[in-house]
Amino acid sequence: MSGDDIYEILDRAYESEDAGEVAELVERALELEPGNPEALLLKADLIEDDEERLPILEQALEEARRYFEDEGLSGGDVLEDAMGPVYLGLLQRAAFTFFAAERDDRSLELVEELLLYDHEDQATAKTLYYRILLEREEWARVLEETMKETTRDLGWAYARMVASFMLSGVKSEKNGAALGKLNKMLWDAVRMGPNVPFYMLGYIPDPVGESELEEDDFHFALLFEDVWSASREMLNWFSKAAILFGLLSGRFGEESKDMEELLSALGGVSDYEELTRGLAGASSDDKTILDALAAGNYPANV
């Protein structure tokens, strides 16, 4: 059979919504060409266990690189070839999978290679890049990278905020200028995805059936939810801010009393009382509340 037959099979696999049929089609394609990178990519997508996926992704990357070498392709020419998008997909999946498997060094190698190419998923790659650097506690490097960035997205905003907190010394100057700068960064980040803090902290349910944007925010939150473990003070500060915003915007429903008790334990009751008085009679939309939180420099302390 010719290569065209393989891609006809793979096209059918892409179109199918039945996992069993997809698996069968992928195996048929691999029988025809065991090292086909695209078929290996699809096979890896069917496997949930990270350790089982990694050898398949590594094999697919090796096969794709061998193909580029045989074709004499390198640099930007890679993206002009039909194999280019497949290779980018492999780099991205492998980078995320290695990170999930706590193999940060390998993940970083792959994401750095991914960032060399000019492609539409650069923002996703940069978000993972920041997340890996945060995991490695390379706070100064994170700040340096965010200062060079021209694209302001959730990954940039949260990476900058976390690194700034860890380098700020705010723990020893709880009401100083450092806290004011951090609060501004926090509310700037929250404006980009108002539900992200609640997903990160597990305060509201998963966004089942919501918009694609909300799904993207949820997946971002899953990637970044463990960054707060770097500092108990940072976690308390972020939690206090999220609870303040959640109570004022009515996000907690029947859980509001429990969240007020948690806020009390975090030392945020006076903030809540001040904000409640200040917002009396005002609109309860997110923008109005976030404006008040930012203007008042809340939370008042770490």
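Scoring rules and cut-offs
Residues numbered from 1 in each chain as written. Predicted model: local features only at pLDDT ≥ 70, side-chain atom pairs only at ≥ 80, totals over all residues. Heavy atoms only, no water. Helix = DSSP H or I, 4+ residues; strand = E, 2+ residues; numbered from the N terminus. Buried < 20%, exposed > 50% of the residue type's maximum accessible area, 1.4 Å probe, protein only. Contact = heavy atoms within 4.5 Å. Areas by Shrake-Rupley, 256 points an atom, 1.4 Å probe, with all protein chains shown as cover. Lys, Arg positive; Asp, Glu negative; His and termini not counted. Charge placed at Lys NZ, Arg CZ, Asp CG, Glu CD. Salt bridge = Lys/Arg side-chain N within 4 Å of Asp/Glu carboxyl O. Polar contact = N/O pair within 3.5 Å; in protein donor to acceptor, adjacent residues only side chain to side chain. Phe/Tyr/Trp six-rings, centres within 6.5 Å; stacked < 30°, edge-to-face > 60°. Lys NZ or Arg CZ within 6 Å of the ring centre and 35° of its normal. pLDDT = per-residue confidence, 0-100. Core = buried A, V, L, I, M, F, W, Y, C linked by side-chain atoms within 4.5 Å. Patch = residues over 30% accessible without salt bridge, like charges linked within 9 Å, V, L, I, M, F, W, Y side chains within 5 Å.

Enquirer: Please provide a residue-by-residue account of the overall build of the chain, values included.
Expert: Scanning the chain from N- to C-terminus turns up 17 helices and zero strands. With respect to the principal axes defined by its C-alpha atoms, the chain has extents near 75 × 40 × 30 Å. Taken across its 302 residues, the chain has 47% of its residues classed as buried. For the chain, restricting intrachain contacts to residue pairs at least 6 apart in sequence, the fraction spanning at least 24 positions comes to 63%. If you sum the accessible surface of the chain, you get close to 15200 Å²; carbon and sulfur atoms cover 46% of it. The centroid of the 27 positive side-chain charges in the chain is displaced by 10 Å from the centroid of its 67 negative side-chain charges.

Enquirer: Lay out the pattern of salt bridges in plain terms, naming residues and giving numbers.
Expert: This structure, assessed with the given rule, holds 18 salt bridges. Where Asp45 meets Arg53, a salt bridge forms, and the shortest distance between an N and an O atom there is 3.7 Å. Here the salt bridges share partners, and the residues they tie into one network are Asp105, Glu112, Arg136, Glu138 and Arg141.

Enquirer: I'd like a description of the environment of Tyr87, backed by residues and values.
Expert: By secondary structure assignment, the location of Tyr87 is in helix H6 (residues 84–100). Once the C-alpha coordinates of Tyr87 and Glu8 are considered, the two residues, 79 residues apart in sequence, prove to be 19 Å apart. There is a polar contact of 2.8 Å between the side chain of Tyr87 and the side chain of Arg65.

Enquirer: I'd like a rundown of the packing of aromatic side chains, residues and numbers included.
Expert: Going through the model one piece at a time under the given rule, you end up with 14 aromatic pairs. Here Tyr158 and Phe220 contribute two aromatic rings whose centre-to-centre distance is 5.5 Å and whose plane-to-plane angle is 55 degrees, an arrangement assigned as tilted. With Tyr158 in helix H10 (residues 154–168) and Phe220 in helix H13 (residues 212–224), the pair connects residues that are 62 residues apart, well separated along the chain. Residue Phe220 is classed as buried on the basis of its relative accessible area, which comes to 9%. Judged by centre distance (5.2 Å) and plane angle (35 degrees), the ring pair of Phe165 and Trp237 falls under tilted. One end of the pair, Phe165, is in helix H10; the other, Trp237, is in helix H14 (residues 232–248), with 72 residues separating them in the sequence. Through pairs of rings, three or more aromatic residues link up here, namely Tyr158, Phe220, Phe224, Trp228 and Phe238. Between Arg131 and the ring centre of Phe224, over which it is positioned, the NZ or CZ distance is 6.0 Å.

Enquirer: With reference to specific residues and values, describe the confidence of the model for the chain.
Expert: Across the chain, the average pLDDT comes to 94, with 97% of residues at 70 or higher. When mean pLDDT is compared element by element in the chain, helix H12 (residues 196–201) scores highest at 98, while helix H1 (residues 3–15) scores lowest at 87.

Enquirer: Residues and numbers for the side chain of Glu145, please.
Expert: Looking at the element boundaries, Glu145 is found in helix H9 (residues 139–148). For Glu145, a relative accessible area of 15% translates into the label buried. Setting aside anything within four residues of it in sequence, one finds Glu145 in contact with Tyr129, Tyr130 and Leu133.

Enquirer: Provide a residue-level description of the environment of Ala13, including the pertinent values.
Expert: Along the polypeptide, Ala13 turns up in helix H1. Ignoring sequence-local partners within four residues, the contact set of Ala13 consists of Val22, Leu25 and Leu42.

Enquirer: With reference to specific residues and values, describe the nonpolar core.
Expert: In this structure, Tyr158, Met161, Met200, Trp228, Trp237, Phe238 and Leu293 are the most contacted members of the largest nonpolar core, which totals 102 residues. Counting residues per element, this core draws most heavily on H14, at 10 residues. In contact with Trp237, not counting residues within four places along its chain, are Met161, Phe165, Leu179, Leu182, Asn183, Leu186, Pro299, Asn301 and Val302.

Enquirer: Run through a negative patch on the surface, naming residues and quoting values.
Expert: There is a patch of like negative charges on the surface, built from Glu48, Asp49, Glu51 and Glu52. With respect to the element layout, Glu51 can be found in helix H4 (residues 50–71).

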